[in-house]
Amino acid sequence: MEVTLIRHTAVDVPLGVCYGQTDVPLKESFEQEALVVAENLRKQIMAEGVFDEVYTSPLSRCTRLAVACGYADALRDDRLKELHFGEWEMQRFDAIRDPRIHEWFNDYYNVATTGGESFMMQYERVAAFLDEVKQQSCERVAVFSHGGVLVCAQIYAGVVEREQAFEALTSYGGIVRITID
């Protein structure tokens with residue numbers, strides 16, 4: 001099965017703020033960015049055919065892009081949300097005074113944020129989503145989601161090694177295609 005992963009467009013959040021699952025606004029450039037994404041998807045569809053199913057994170061930065069690309073009926077799935085930063089949501093990383101942040105920085109794969117989740121917890125929910133999608137009789141699906149989810153999906157597909165996860169972070173509005181068996 002071919003999975004087309006689409007990252008949401010640029011958010012209107014200061015650099016260095018961990019926003020994770022907070023429903024943050026998009027930049028004023030959303031309309032222009034969405035047009036580029038929609039055109040890139042249109043070209044892909046013309047070359048390869050339509051999607052059998054389309055999914056989206058329920059957070060507005062993803063649903064808005066799905067709608068702008070013509071997928072207002074995309075199926076919303078909580079497993080496609082970004083990493084949950086718990087008590088650290090909407091704080092600048094350099095301003096977080098929680099002593100656990102050092103433990104998390106040293107091993108974010110396995111250490112959960114205070115009141116949130118670890119990267120491996122996020123990976124497990126994304127993998128559960130992809131396991132379920134594989135059971136359907138779809139050849140091509142699209143997923144509107146977040147940078148961390150796209151990284152998890154690429155690790156799941158064997159395209160990216162876990163150790164290089166964030167070197168593979170897709171740009172805002174970026175599109176990545178993977179194949180899963």
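What counts and how
Residues numbered from 1 in each chain as written. Predicted model: local features only at pLDDT ≥ 70, side-chain atom pairs only at ≥ 80, totals over all residues. Heavy atoms only, no water. Core = buried A, V, L, I, M, F, W, Y, C linked by side-chain atoms within 4.5 Å. Buried < 20%, exposed > 50% of the residue type's maximum accessible area, 1.4 Å probe, protein only. Helix = DSSP H or I, 4+ residues; strand = E, 2+ residues; numbered from the N terminus. Contact = heavy atoms within 4.5 Å. Salt bridge = Lys/Arg side-chain N within 4 Å of Asp/Glu carboxyl O. Axes fitted to C-alpha atoms, helices over the stretch in contact; angles between N-to-C directions. Left-handed = near helix turned anticlockwise from the far one by under 90°. Nonpolar A, V, L, I, M, F, W, Y, C, P; charged D, E, K, R; others polar. Pairing = 2+ DSSP bridges.

Draft legend 1. Seen up close, the nonpolar core. Counting 29 residues, the largest nonpolar core has V3 and L5 as the members making the most contacts within it. If you list the elements that add at least two residues to this core, you get β1 (2-7), α4 (119-134), β6 (140-145), α5 (147-156) and β7 (175-179). Ignoring any residue separated from it by four or fewer positions in sequence, one finds V3 in contact with V141, V143, V176, R177, I178 and I180. Of all hydrophobic cores here, the second largest spans 21 residues; its members include V13, V24, F30 and Y71.

Draft legend 2. Representation of the pattern of salt bridges. On inspection of all chains with the given rule, the structure shows 11 salt bridges. Between E2 and R177 there is a salt bridge, with the nearest N and O atoms lying 3.4 Å from each other. Here the residue E2 occupies a position in strand β1, and R177 occupies one in strand β7, the gap between them amounting to 175 residues. Accessibility expressed as a relative area gives 17% for E2, which makes it buried.

Draft legend 3. Structural detail: the environment of D12. With respect to the helices and strands, D12 occurs in the loop between β1 and β2 (17-18). Looking at D12, the relative accessible area reads 48%, which means it is partly exposed. D12 sits 76 residues away from W88 along the chain, and the two C-alpha atoms are 18 Å apart. Setting aside its immediate chain neighbours within four residues, D12 contacts P25, L26 and K27.

Draft legend 4. Quick look at the side chain of T113. Here T113 is to be found in the loop between α3 (100-106) and α4. Given the relative accessible area of 2%, T113 is considered buried.

Draft legend 5. Broad picture of the environment of A157. By secondary structure assignment, the location of A157 is in the loop between α5 and β7. Between the C-alpha atoms of A157 and I178, which are 21 residues apart in sequence, the distance is 6.6 Å. When residues no more than four places from it in sequence are discounted, the contact partners of A157 are I178, T179 and I180.

Draft legend 6. Inspection of the side chain of Q154 at higher detail. For Q154, the location among the structural elements is in helix α5. Judged by relative accessible area, which is 6%, Q154 ranks as buried. Residues contacting Q154, with those up to four places away along its chain left out, are V159, V160, A168, T170, V176 and I178.

Draft legend 7. Fine view of the packing of α4 against α5. Closest axis-to-axis distance for the α4/α5 pair is 9 Å, and the angle between their directions is 65°. Taken as a pair, α4 and α5 cross one another with a handedness that is right-handed. Residues F119, Q122, Y123, V126, A127, L130, D131 and K134 of α4 touch α5, and the partners they reach there are G148, V149, V151, C152, A153, I155 and Y156. When the residues that make up the contact of α4 with α5 are grouped by side-chain class, the tally is 11 nonpolar, two polar and two charged.

Draft legend 8. Highlighting the sheet that holds β1. With respect to topology, five strands assemble into an open sheet ordered β4-β3-β6-β1-β7, the strand pairing being mixed. The open sheet has two edge strands, β4 (75-76) and β7, and neither has a second partner. In this sheet, β6 lies alongside β1 in parallel orientation, the contact comprising six bridges. When the sheet's bridge partners are listed, T4 is paired in β6 with A142. The strands touched by helix α2 (residues 60-68) within the sheet are β1, β3 (53-56), β4 and β6, with β6 carrying the most contacts at an inclination of about 135°.

Remember that the coordinates give geometry; whether it matters functionally is a separate question.
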